[in-house]
Amino acid sequence: MKILDILEKIVSIICPIISIVLSIIALCKSNYAVKQINKIKVGDINKKQEANNNIGSNITQN
């Protein structure tokens, strides 16, 4: 029974710490995502997509 009591104390200390760390990470990630969305709405991010086809390529078929 002592092992279970010790394990219960360890888990009761470690789980809230892990929860707080994960919450902080999630908050940072969500803030970054919101900043990116705001930049897109304002128009600071201009992504260009170009298609580069090989115009000078030759296809030979026998």
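Before any of the text, the structure's been laid out above.
Quantities reported herein were computed from a predicted structural model and do not represent experimental measurements.

Draft legend 1. Spotlight on the overall build of the protein. Within the protein, the secondary structure is distributed over 1 helix and 0 strands. A buried classification covers 0% of the 62 residues belonging to the protein. Of the roughly 6,700 Å² of accessible surface on the protein, 61% is carried by carbon and sulfur atoms.

Draft legend 2. Spotlight on a nonpolar patch on the surface. On the surface, a nonpolar cluster with roughly 820 Å² of combined accessible area is contributed by Ile6, Ile10, Ile13, Ile14, Ile17, Ile18, Val21, Leu22 and Ile25. Within the secondary structure, valine 21 is located in helix H1 (residues 2–42). Here valine 21 falls in the partly exposed class, since its relative accessible area comes to 42%.

Each value, and the rule that gives it
- Residues numbered from 1 in each chain as written.
- Predicted model: local features only at pLDDT ≥ 70, side-chain atom pairs only at ≥ 80, totals over all residues.
- Heavy atoms only, no water.
- Helix = DSSP H or I, 4+ residues; strand = E, 2+ residues; numbered from the N terminus.
- Buried < 20%, exposed > 50% of the residue type's maximum accessible area, 1.4 Å probe, protein only.
- Areas by Shrake-Rupley, 256 points an atom, 1.4 Å probe, with all protein chains shown as cover.
- Patch = residues over 30% accessible without salt bridge, like charges linked within 9 Å, V, L, I, M, F, W, Y side chains within 5 Å.
- Salt bridge = Lys/Arg side-chain N within 4 Å of Asp/Glu carboxyl O.

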